[in-house]
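Tertiary structure, described
Listed below, chain by chain, are the residues.
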Amino acid sequence: MAMQVLDVKGLKCPQPTLKITSMAVKMAKGDVLEVSADCPTFEKDIRDWCGRYKKVLLWIRDAGGGAKVCQIQF
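Since the model is a prediction, treat every value here as computed from it, not as a measurement.

1. Some remarks on the pattern of salt bridges
All chains considered together, the criterion is met by 4 salt bridges. When the shortest N-O distance is used, the salt bridge between Asp-7 and Lys-9 registers 3.2 Å. On the basis of relative accessibility, which here comes to 43%, the residue Lys-9 falls in the partly exposed class. Glu-43 is the partner of Lys-68 in a salt bridge, and the nearest nitrogen-oxygen pair spans 3.1 Å. In this pair, Lys-68 is assigned in strand E4 (residues 67–73) and Glu-43 in helix H2 (residues 42–53), connecting sequence segments 25 residues apart. In this structure Glu-43 comes out as partly exposed when scored by relative accessible area, which is 27%. What emerges from the salt-bridge pattern is a single network uniting Glu-43, Arg-47 and Lys-68.

Structure representation (C-alpha coordinates):
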(Lines give C-alpha, C1' and ligand atoms only; values in the text may rest on other atoms or scores of the structure.)
Protein backbone atom coordinates (compact mmCIF):
# COMPACT_ATOMS: atom_id res chain seq x y z
CA MET A 1 0.00 0.00 0.00
CA ALA A 2 1.49 3.31 -1.10
CA MET A 3 0.65 6.85 -0.04
CA GLN A 4 0.56 9.70 -2.55
CA VAL A 5 0.07 13.38 -1.77
CA LEU A 6 -1.76 15.84 -4.02
CA ASP A 7 -1.93 19.58 -3.32
CA VAL A 8 -4.68 21.28 -5.33
CA LYS A 9 -4.89 24.48 -3.28
CA GLY A 10 -5.64 27.47 -5.47
CA LEU A 11 -7.75 25.44 -7.91
CA LYS A 12 -11.51 25.87 -8.07
CA CYS A 13 -14.24 23.39 -8.94
CA PRO A 14 -14.07 21.22 -11.01
CA GLN A 15 -10.24 21.26 -11.19
CA PRO A 16 -9.53 19.50 -7.84
CA THR A 17 -11.67 16.47 -8.72
CA LEU A 18 -10.27 16.39 -12.26
CA LYS A 19 -6.73 16.24 -10.81
CA ILE A 20 -7.82 13.44 -8.45
CA THR A 21 -9.33 11.55 -11.39
CA SER A 22 -6.06 11.85 -13.32
CA MET A 23 -4.15 10.51 -10.27
CA ALA A 24 -6.57 7.59 -9.94
CA VAL A 25 -5.03 5.77 -12.92
CA LYS A 26 -1.68 5.70 -11.08
CA MET A 27 -3.16 4.27 -7.87
CA ALA A 28 -3.25 0.55 -7.06
CA LYS A 29 -5.95 -1.13 -4.99
CA GLY A 30 -5.39 -0.23 -1.34
CA ASP A 31 -3.25 2.85 -2.07
CA VAL A 32 -4.11 6.08 -0.24
CA LEU A 33 -4.21 9.55 -1.77
CA GLU A 34 -3.99 12.53 0.59
CA VAL A 35 -5.45 15.67 -0.96
CA SER A 36 -5.18 19.28 0.25
CA ALA A 37 -7.63 21.77 -1.25
CA ASP A 38 -9.10 25.18 -0.52
CA CYS A 39 -12.00 25.20 -2.97
CA PRO A 40 -15.18 26.12 -1.03
CA THR A 41 -17.10 23.16 -2.50
CA PHE A 42 -14.30 20.61 -2.04
CA GLU A 43 -15.86 18.62 0.81
CA LYS A 44 -19.14 18.07 -1.06
CA ASP A 45 -17.31 17.45 -4.32
CA ILE A 46 -14.97 14.83 -2.84
CA ARG A 47 -17.80 13.01 -1.08
CA ASP A 48 -19.71 12.89 -4.39
CA TRP A 49 -16.58 11.79 -6.28
CA CYS A 50 -15.86 8.94 -3.84
CA GLY A 51 -19.46 7.73 -4.10
CA ARG A 52 -19.44 7.89 -7.88
CA TYR A 53 -16.12 6.05 -8.27
CA LYS A 54 -16.67 3.70 -5.30
CA LYS A 55 -13.57 4.84 -3.41
CA VAL A 56 -13.36 5.08 0.39
CA LEU A 57 -13.14 8.55 1.94
CA LEU A 58 -11.12 7.67 5.05
CA TRP A 59 -11.41 11.14 6.58
CA ILE A 60 -11.71 14.82 5.79
CA ARG A 61 -10.49 17.56 8.14
CA ASP A 62 -10.33 21.32 8.33
CA ALA A 63 -6.73 22.43 7.77
CA GLY A 64 -7.36 26.09 8.62
CA GLY A 65 -7.54 29.11 6.36
CA GLY A 66 -10.43 27.63 4.38
CA ALA A 67 -8.41 24.54 3.39
CA LYS A 68 -9.42 20.91 3.83
CA VAL A 69 -7.29 17.77 3.83
CA CYS A 70 -8.67 14.32 3.10
CA GLN A 71 -7.51 10.78 2.52
CA ILE A 72 -9.04 8.55 -0.14
CA GLN A 73 -8.37 4.81 -0.30
CA PHE A 74 -8.39 3.22 -3.73
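2. Here we look at the packing of aromatic side chains
Applying the stated criterion across every chain yields a total of 2 aromatic pairs. Ring geometry for Trp-49 and Tyr-53: centres 4.9 Å apart, planes at 40°, overall tilted. Taken together, the residues Trp-49 and Tyr-53, both in helix H2 and 4 residues apart, mark about one turn of the helix. Arranged with centres 6.1 Å apart and planes meeting at 65°, the rings of Trp-49 and Phe-74 form a pair that is edge-to-face. Taken as a pair, Trp-49 in helix H2 and Phe-74 in the segment after E4 lie far apart in primary sequence, 25 residues in all. Among the residues examined, Phe-74 registers a relative accessible area of 12% and is labelled buried. Each member of the aromatic cluster is reached from another via a ring pair, and the members are Trp-49, Tyr-53 and Phe-74. Positioned over the ring face of Trp-59 is Arg-61, at 3.8 Å from the centre of the ring.

Cut-offs applied
Residues numbered from 1 in each chain as written. Predicted model: local features only at pLDDT ≥ 70, side-chain atom pairs only at ≥ 80, totals over all residues. Heavy atoms only, no water. Salt bridge = Lys/Arg side-chain N within 4 Å of Asp/Glu carboxyl O. Buried < 20%, exposed > 50% of the residue type's maximum accessible area, 1.4 Å probe, protein only. Helix = DSSP H or I, 4+ residues; strand = E, 2+ residues; numbered from the N terminus. Phe/Tyr/Trp six-rings, centres within 6.5 Å; stacked < 30°, edge-to-face > 60°. Lys NZ or Arg CZ within 6 Å of the ring centre and 35° of its normal.

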